[in-house]
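Examining the three-dimensional arrangement
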Amino acid sequence: MLVSLRDVTKTYPGTEAAVLRGVSFALDAGEMLALTGESGSGKSTLLHLIGGLDTADQGVVAIDGIDLTPLDDVGRAALRRGKVGVIFQQFNLIPSLTVAANIAFQARLAGQHDPDRAQALADRLGLTPHLHKYPEQLSGGQQQRVAIARTLAPQPRLVLADEPTGNLDEATADTVFDLMCALVAETGAGLVLVTHSERLAARMPRRLHLRAGALA
Amino acid sequence: MNAKVLVLLALLPVQAMAQGFAGLGNDAGGFAIPQPDTVLQFPADHGAHPDYRIEWWYLTANLTGADGTPYGLQWTLFRSALAASDGQGWDTPQLWMGHAAVTTPTAHFVTERLARGGIGQAGVQAAPFSAWIDDWVMEGPDFNTMRLAASGPDFAYDVGLSATGPLVLHGQQGYSVKSASGQASHYYSQPFFDVAGTLTLPDGPVAVTGTAWLDREWSSQPLAADQTGWDWFSLSFDSGDKLMGFVLRGQPDYTAATWIAADGRTTAYPDGAFAATPLLREDVAGRKVPVQWQVRLADRGVDVTVTALNRAAWMATSVPYWEGPVTMTGSHGGVGYLEMTGYDG
Amino acid sequence: MTRTILSALLSHWWRNPLQLFTLLAGLALGTALWSGVQAINAEARASYDAAAATLGEGSYAQITAQDGGAIAQASYVALRRAGWLVSPVVQGKLGAVRLVGIDPLTAPRGIGAVPVDGSADLAAFLSGAGQIFARADTLERLPPTGAQGVAAPDVAPNTAITDIGLAQRLLNRAGQIDRLIVAPEQPLTRRPLDQVAPGLVQTVPQGGNDVARLTDSFHLNLTAFGLLSFAVGLFIVHGAISLAFEQRRPMVRTLRALGAPLQHLIALMAVELAALALIAGLIGVALGYVVAAALLPDVAATLRGLYGADVSGQLALRSAWWLSGLAIAMGGTAVAAGGALWSLARMPLLASAQPRAWVMARQGPGLVVASLGLLALSGGLALWGQGLLAGFVMLGALLIGGALALPPVLALALRAGQAGARGPVAQWFWADTRQQVPGLSLALMALLLAMAANVGVSTMVSSFRLTFVGFLDQRLASELYVSAADVPTAAAIIAVAERQAAVVLPILSVDRQVAGLPAEIYGARDHATYRDSWRFLREVPQAWDKLARGEGVLLNEQLYRRAGLDLGAMVPVAPGLALPVLGIYGDYGNPVGQVIVTEDVFRAQFPEAAALRFGLRVAPGQVGALREALQQEGVAPTAMIDQAAIKALSLSVFERTFTVTTALNILTLAVAGFAILMSLLTLAAMRLPQLAPVWALGLTRRRLAALDLLRAVVLAALTAALALPLGLGLAWALLAVVNVEAFGWRLPMYTFWLDYLRLGGLALLAAALAALWPAWRLSHTPPARLLGVFRHER
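All figures in this text were calculated on a predicted structure; none of them were measured in a lab. (Residues numbered from 1 in each chain as written. Chains lettered and ligands numbered in written order. Predicted model: local features only at pLDDT ≥ 70, side-chain atom pairs only at ≥ 80, totals over all residues.)

A word on the overall build of chain B
Within chain B, the regular secondary structure consists of 1 helix and 24 strands. Out of the 345 residues belonging to chain B, those deemed buried represent 53%. Expressed as a percentage of contacts within chain B between residues at least 6 apart in sequence, the contacts between residues at least 24 apart total 57%. (Helix = DSSP H or I, 4+ residues; strand = E, 2+ residues; numbered from the N terminus. Buried ≥ 20, exposed ≤ 12 C-beta atoms within 10 Å, placed from the backbone. Contact = placed C-beta atoms within 7 Å.)

Considerations on the confidence of the model for chain C
Residues and elements named next belong to chain C. Looking at chain C, the pLDDT average stands at 79 and 85% of residues meet or exceed 70. Confidence, read as mean pLDDT per element, is least for strand β5 (residues 115-117) in chain C (42) and greatest for helix α3 (residues 73-81) (94). Contacts for the low-pLDDT stretch residues 113-119, under 50 throughout, to residues beyond four places or in other chains number 22 contacts. Throughout residues 353-361 the model reports pLDDT below 50, and contacts reaching past four residues in sequence, or to other chains, amount to 23 contacts. Prediction confidence for the complex, expressed as pTM and ipTM, is 0.59 and 0.90 respectively. (pLDDT = per-residue confidence, 0-100.)

Quick notes on the nonpolar core
Burial of nonpolar side chains together is a common tendency in soluble globular proteins. In this structure, Leu447 and Leu448 of chain C are the most contacted members of the largest nonpolar core, which totals 199 residues. Ranked by the residues each element gives to this core, the list is headed by helix α13 (residues 424-475) of chain C, at 22 residues. Formed jointly, this core draws a minimum of three residues from each of two domains, domain 1 (1-51 + 214-355) and domain 3 (364-471 + 651-794) of chain C. Trp96, Met146 and Leu235 of chain B together with Phe125 of chain C belong to the second-largest nonpolar core, a separate cluster that totals 103 residues. (Core = buried A, V, L, I, M, F, W, Y, C linked by C-beta atoms within 7 Å. Domains from an automatic or database assignment.)

Structural notes on helix α14 (residues 487-499) of chain C
Residues and elements named next belong to chain C. A rise of 1.5 Å per residue sets the reference length of α14, with its 13 residues, at 18 Å; its end C-alpha atoms lie 19 Å apart and thus fit the reference within 8%. Among all positions in α14, only Ala490, Ile493, Val496 and Ala497 are buried. Buried residues of α14, viewed axially, fall in a sector of 125°; they line one side. Opposite its buried face, α14 presents the exposed residues Val487, Pro488, Ala491, Ala495, Glu498 and Arg499, each directed more than 90 degrees away. Where α14 is buried, its residues meet β12 (480-483), β13 (503-514), β20 (613-617) and α19 (623-632). Looking one or two places after α14, you find Ala501, whose phi comes out positive at around 60°. (Expected span 1.5 Å × (residues − 1). Arc of directions from axis to C-beta.)

A look at the environment of Gly213 of chain A
All names here are of chain A. Relative to the helices and strands, Gly213 is located in the loop between β9 (206-211) and β10 (214-215). By C-beta crowding, Gly213 is classed as buried, having 23 other C-beta atoms within 10 Å. On a C-alpha basis, the gap between Gly213 and Lys10 in space is 8.8 Å, while along the polypeptide they are 203 residues apart. Beyond its immediate chain neighbours, meaning those up to four positions away, Gly213 contacts Ala18, Val19, Leu20, Arg21, Ser41 and Gly42.

Here we look at the pairing of strand β14 (residues 204-219) of chain B
All names here are of chain B. The sheet contact formed by strand β2 (residues 54-65) and β14 spans 12 bridges and is antiparallel. Note on β14: the bridge partner recorded for Glu55 is Trp218. With 14 bridges connecting them, strand β13 (residues 184-201) and β14 associate as antiparallel partners. When the bridges of β14 are listed, Tyr187 appears paired with Glu217. Between β13 and β14, which pair antiparallel and follow one another directly, the connecting turn spans 2 residues. (Pairing = 2+ DSSP bridges.)

Quick word on the interface of chain C and chain A
Every contact between the two is made by 19 residues of chain C and, on the other side, 21 residues of chain A. Contributing elements (two or more residues each) for the side of chain C that touches chain A: α1 (2-15), α8 (210-257) and α9 (262-307) of chain C. With 6 residues, α1 of chain C is the largest single contributor of residues to the side of chain C that touches chain A.

Some thoughts on the confidence of the model for chain B
Of all residues in chain B, 91% attain a pLDDT of 70 or more, and the chain-wide mean is 87. Confidence drops under pLDDT 50 across residues 1-26 of chain B; counting only partners more than four residues distant or on other chains, this segment forms 61 contacts.

Considerations on unusual backbone geometry
That bond from Phe42 of chain B to Pro43 of chain B is cis: its omega, 10°, falls within 30 degrees of zero. With respect to the helices and strands, the residue Pro43 of chain B is situated in the loop between α1 (8-21) and β2. Residues Ala127 of chain B and Pro128 of chain B are joined by a peptide bond in cis, for which omega reads -10°. When you line up the elements, Pro128 of chain B lands in the loop between β6 (122-125) and β7 (130-133). Non-glycine residue Asn92 of chain A carries a positive phi angle of around 50°. Here Asn92 of chain A shows up in the loop between β6 (84-87) and α3 (99-109). By C-beta crowding, Asn92 of chain A is classed as buried, having 22 other C-beta atoms within 10 Å.

See below:
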């Protein structure tokens, strides 16, 4: 079991209604699923909990059998480095590093940098001509490809993607999405995709729908 | 002088004075050399001999307070010449150093003065006799009746001296050989002073009486090259007889002694007759110093244990040494003074 | 991991070299001025200490002759023989060098204790040709003596030490001694001084040497300027660090999302900053060395002219100041970065990570309260404070309080501008300007401080100058001043002068302690010259008449203030004679007190003081003829000095006194201008999202750029308007508080409006120049970048 959530509840300080209410589900290694829901349904929060970016109030979030709840910042950071990769809607590249350095960055951080794999990913994502550019010199689609390469370079067990194509036009979005899915599959990682796009969700083998903080 | 940085003016007088004690053993450097046929002339020879490198007026006294407490007293004026000449003013090469001390069974007070010759700050005049450095004096109408005074930051004394016996010449009519290779000095003493006066100590003035021994010595090369220091004894026996003996430590040691009968008649003893052996060494001011001795002069049946009154009688002066009153037990009883130099290394 | 994170953190600086430059340059400039000033102070102190050690000043009691003359050598010997542990010193000028003769055998340990390099020995020092110890450069200036020169770097500057015997011979003063150093430990029995040597007096050690105390105020002055410069630098550093941290917030979030632990990040950022601070500190210390080396000769000249203190003109790299420079660079960075690191440490991982320009300087009621509190403290100290330190605290509180008041005052002014604005563009201009204030306020505060300091110090210097020139005209009324070597020459001078129909005004003076303070007593001849030209600060009616009748004395302002001797107070002039104060006169540039009595009183009280100096009044056209006549009588040309030459000399001493302050002033202003440029440049990039909508709504880039330029000028003008009152307050504090405490005189304050106007113009120009480049860049921003704003915004 790659991801296992049991009765996860989350309330943000200062708000009354819980964002997540007793969410439970599991994801097998290499499995891909889409997490859909309206704005404010709690799907991003759920993703953050799985990625160790945030902590649950109640319930258990476990990755590869490791319960995240008792981990401190250092422990969760180690988990993010080693096992989980996150692809953000805003790409979140490091503006002062070149494309090549951005791709290698997370693998370096995890101590698993493999230049050949980084080069292969760059080739697959069509980034080779841009390796020495800086993020601001790239289009949005190119920037997201860099983010995908960065996430996959350390060969994570789990990829979390939060509206990865939300900032891209439709044609670009489809290309990038297909590439991402293919590469995640090749890597053998599990994928949790958060999206509000029915079209994209429909292309995933499994789908969960959140409504008002609970699985529908 | 190998110190790279030298606190010049604080240290140099030490260097110069140390030369008088231990340095320049073989080199008289233009200075007069003691000669065995010299006949000492008094009172002229009570005065200074500027053509010799080093000279001293050295008085030690064994005193007793009204309550029977024993005290020791020292008054010394050293003269050390940078060159064999004299004159007036600052250019005179004659330097003077005074040491004064009072020893009690529990305390030892020391102070030192340095002065230039030629400006009147220090000097010696033969007749009427006067030896002085700053406010310290040993002076009187003649050599038999004198006032002796000195003061330091924590003590002072002012006593009268009156001689009850004759001057005593050591060695060969005052020519005192100091090594097998012939280094020598001119050396005479007045060991028969009666003393009465006042010591001013931190606890107040103390009236004292006792006896004193004045040594006069001048030379230009007092030690042989291999000699590292000396142990010098001036002992006054209860019988009224006195003994001056010294060991010059070297390879081998060199000893000499003068037996002074109560009436002043002297017998000089050559190398080897006098023997002094340390019995007990003590940590004094960070050095191992012998504070108890076995002293023998077989010819006179002397075999005594000499013990320091106060083991801490260390003279922490520019040239440090040990100088203090002693008591005797064994074949003879009595008191005396012990001086030990060359233990400062 | 550490290397990977560091590479990301550092890459920010390589991609934003301007920020890196701002940070390093701001810190380096601040450190440079601070450590430069400290270097000067350290050099001067080392010189004073060397002098004190060489001469035993300050740490030992001294015995001197009551009449200020020489002590007979016989008195020295008499004192020694009476139990006094004293050591003789004779000193005098040998060429330009001060030669000090000591007796090494009696000198207390530490006197003349000079490390020398090698083969010195007592015999060589005391006998034969003798030895002279001095710094190598001093040895070179010595005239031939026949003695062996020994280089000793720790001897006081321009001072040579030798045996007293040789010194007496070289100075031609056989048997004479100037003073006796009293050893701290004395024997139990000693005869009283007045019995042994009447006419000699003992002075107790002052604890710290005289020169150091005398010059303390001067150095405190420099230190205050150094701190001010550093504060200005710190504003820049704070701005640069805050900006860098704000810009790196998204990066920090990304790094954490990618798995970099927060503690690790914070620690690495602290290390990164420490390394940058160290680099900037090293650059700053190096620059400080340059600043100090450039200023030191003037400082040395000032100290010699004003206080008679010898300071080496050569700068040594002393650990005290370069370490303090590094420490203040690191400490300043820590202060500037502490808040940023703290807020980063508390930033939630998922918080919005957009850079927030407005947090660069947080505002609020706290700022107003702090500002008002500091200004109140300053006012309180002005009214009730005592002492030089209080004066400087007052200055500091005034300046910082004024600086903190700037943002609220600007906000008020801009709100008023906005309220009065007609038309949408004008309204947007004022509103947008208000929005820029927080981002610019640190730079504007730096400008405010620099301008205020400039106004304050230039007002003080100019006021001083006006007063001083007037004072010179009063005091140097005689056309020619002549000194005689001895009494017969003096008689000849009088004879010649009277033949030439000149009025002879003898200058009679002795050095005496008055009311426990060092002072000079002058005897003045009753003559119209004095009545006509002298102006009193305060006086009783008919002061000159009463003085002429011997019914009182005149006092200089220093003595009046230090000894508290007001009009009518009795001044002990000589044993058994006390006279009331008739008038108080300004006596600028004189470190000691002065008392003037009439000639008859002087001659009666001090018969031993011969008149050897004269002021000669003669028609200005006849000065040359008089000089020639005197020269024919054997008066050396160097013994004559005319009025114009003295004035020029006095003015040059004066000018040099303030060269340093002026230089520091200009440097501080330059640093502030730099701060504005850097702030504008960095803001320019962040302002794009704010400008893009206005551009989109129809304002051209050129128009926007022009408005930005105008905005910088408006802000600078408002800052200048606030700097003026602040600077005048500073000037008042310097003239009425600091000068009185430091030098003993209070100066009238003059205002120089044209100068202020020019300074204001300079500030506007600086702001406009600083804004020019960012504005030019704005006017040439490709539309695509402006459009990009909309694209990047979600």
